[in-house]
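Observations on the model geometry
If you want the building blocks of each chain, they are given just below.
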Amino acid sequence: MLDCLTPRFDIERFGMLLAPSIKHADVLLVTGSCNRKSAIRLKRLYEQAPKPCVVVAIGECSLSRGMFIHSYNCPIPLDKIIPVDAYIPGCPPKPEAIISGAVKLIQKLKGTL
Amino acid sequence: MYVIYLIVFGFILTAVLGLIASWIDRKVTARLQYRKGPPFLQPFIDIIKLMGKETLIPRGASKAIFIIAPVIGFGSVVIVSTLLWANNSNLFNSFLGDIIVIVYLLAIPSISIMIGGFASGNPLARVGASREMKLLLGYELPFVLAILVPIIKSGFSLRLSEILTTQTQTGAFAGYASGILALIVCIAVMQAKLGLIPFDIPEAETEIMSGWMIEYSGTGLAIFRLMKNMLLFTLPFFLIILFLGGLRLSGIGILYSVLKYVVLLVIIVVIRNTNPRLRIDQAMRFFWGPVTGVAVIAVILALLGK
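Here the residue numbering is sequential within each chain, running from 1 through the sequence in written order. Here every chain gets a letter starting at A, and every ligand a number starting at 1, in the order they are written. It should be noted that, the model being predicted, local features are given only for residues of pLDDT at least 70 and side-chain atom pairs only at 80 or more, the latter also being counted only at that level, while totals for whole chains, interfaces and linings use all residues. Side-chain figures throughout are based on the complete set of non-hydrogen atoms in the structure, without hydrogens or water.

What follows concerns the overall build of chain A. Looking only at helices and strands, chain A features 3 helices and 3 strands. Secondary structure elements of chain A occur, N-terminal to C-terminal, as β-α-β-α-β-α. The globule rule is 2.2 Å times the number of residues to the power 0.38, and the radius of gyration it is compared with is taken over C-alpha atoms. Computed over its C-alpha atoms, the radius of gyration of chain A comes to 14 Å, within 12% of the 13 Å expected for a compact globule of 113 residues. Its C-alpha atoms give chain A principal-axis dimensions of about 40 × 30 × 30 Å. Burial classes: relative accessible area under 20% of the type maximum marks a residue as buried, over 50% as exposed, and values in between as partly exposed (1.4 Å probe, protein chains only). A total of 113 residues make up chain A; the buried ones form 40% of that total. Where the 15 positive side-chain charges of chain A centre and where its 9 negative ones centre are 8 Å apart. By the criteria applied, helices consist of DSSP H or I runs no shorter than four residues and strands consist of E runs no shorter than two, each listed in order from the N terminus. The convention is simple: Lys and Arg are positive, Asp and Glu are negative, and His and the chain ends are not counted. For charged residues, the charge sits on one atom: NZ in Lys, CZ in Arg, CG in Asp, CD in Glu.

Turning our eyes to something else, we now look at empty space enclosed by the protein. Gaps left between atoms are located by rolling a probe of water-molecule size over the structure's atoms. Residues and elements named next belong to chain B. With a 1 Å grid laid over protein atoms only, a set of points is called a cavity when a 1.4 Å probe fits there but cannot get out and a pocket when it is open yet has protein on both sides within 12 Å along at least five of seven lines; lining residues have an atom within 4 Å of a point. Grid points are joined across faces, edges and corners, and a volume is the space filled by probe spheres set on the points. Taken as a whole, this structure holds 1 cavity of 30 Å³ or more when the rule is applied. When its volume is computed, the largest cavity comes out at roughly 40 Å³. Around the largest cavity sit Leu106, Pro109, Ser110, Ile113, Lys193, Lys228 and Leu231, which together line it. Put simply, the parts of the chain that give the lining of the largest cavity at least two residues each are α4 (98-119) and α9 (219-243). In terms of residue count, α4 provides more of the lining of the largest cavity than any other element does, 4 residues in total. Class assignment for the residues of the lining of the largest cavity results in 4 nonpolar, 1 polar and 2 charged. Here the nonpolar group is Ala, Val, Leu, Ile, Met, Phe, Trp, Tyr, Cys and Pro; Asp, Glu, Lys and Arg are the charged ones; every other residue, Gly included, is treated as polar.

Turning next to the layout of surface pockets. Residue and element names in this part refer to chain B. Taken as a whole, the second largest pocket encloses approximately 270 Å³ of empty space. Contributions of two or more residues to the lining of the second largest pocket are made by α1 (2-32) and α10 (253-273). Residues belonging to the lining of the second largest pocket are distributed by class as follows: 13 nonpolar, 1 polar and no charged.

To continue, consider the interface of chain A and chain B. Any pair of residues with heavy atoms lying within 4.5 Å of one another is described as a contacting pair. Tallying the contact residues gives 20 residues for chain A and 23 residues for chain B. Buried area, as used here, totals the accessible surface that two parts lose on assembly, with accessibility defined by a 1.4 Å probe and the loss added over both. Carbon and sulfur atoms supply 50% of the area that chain A and chain B bury against each other, a total of about 1700 Å² over both sides. For the chain A face of the interface with chain B, the top three residues by lost area are Glu12, Lys23 and His24 of chain A, together amounting to 35%. In what follows, salt bridge is the name for a side-chain nitrogen of Lys or Arg lying within 4 Å of a carboxyl oxygen of Asp or Glu. Inspection of the region where chain A meets chain B yields 2 salt bridges. We note a salt bridge from Asp26 of chain A to Lys53 of chain B, for which the minimum N-O separation is 2.6 Å. Counted as a polar contact is a pair of N or O atoms within 3.5 Å, where, for protein atoms, one must be capable of donating a hydrogen and the other of accepting one, and residues adjacent in sequence contribute only when both atoms are in side chains. Here chain A is connected to chain B by 6 residue pairs in polar contact (both at pLDDT 80 or more).

This is the structure in structure tokens:
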């Protein structure tokens, strides 16, 4: 994900920047599976974000809980906790995949996809 | 008459030019890092998007001050740019002591940052606001000393119009030794007033997570962003009037005016991209030590007529 900010991939050409706090952000990226402890924090973070806010799940762990799917500690997948707008698969997803997901998300928000 | 200046020049024109300047800033930064940079309309889209977002007020904040702080800073920037445009386009719009009014009004954005940061009730915002206060104490002294130079040069006049007319008769003050020293001091101070690297100590993203503005969202953040972007135009404009002979908006003069502004903007961007962030004590030592020294030398040179 950090790769997207580097010169080779540069996601700022679509106007995106890394926001220091969730209060300044429009997109919440979730990059891991939610266990019993972190699900509560994630919910609070989502409630703190000023709406409208979109959620992007990045990586197999947040999509389908990946290798933690049978774990006692990961009872529910991410999209049962908060609404998810875009899914980017991969373990880990390549920067190109993330950029393609971001572009598709822009198109979805504009209503052209 | 002043209402037209306030709305057309002070607000709309300055906002548009400031947003374009912030796009140039982001684009040049990206090019310096071998990136491609944002699309042209991105700053405009950002501001409009933030206007449409939800405004959250934290539970521990003092509500009225938290909401009103960005408006105070924004209003003062609009008034400063109105005064500058009015003086620049028509010399009879000046009044005695307007340069003092502008120096005071330019301190108000920092004060609005402070009261906004303290009112939000977040410990990180408080750290950022207290750093902004220390930084303000640091750079005001050399700033006022450097502004004394054009005042002395134009025969101890406190009108912007007389400073401008003196420069049309004798050439820009930046051509003198004292003028160029004062201009260098003012560029350092401008960097701190804009809150850019190396003086972005109040909003250090990596250590206190954008400091004073951490609790702002939606419209409040939009107004603060717009204020910052308008300052990115207004402060270089003030320096151009003081040291480089103002902006002429007729004929070939337009190109020359754009050149003056772009040179100052590029200096800001290059300083921003080639320096690390200072600690607050290093910044204070820098402003009260070498910068104040250079400003004092400039004032002495100006008194000697150099």
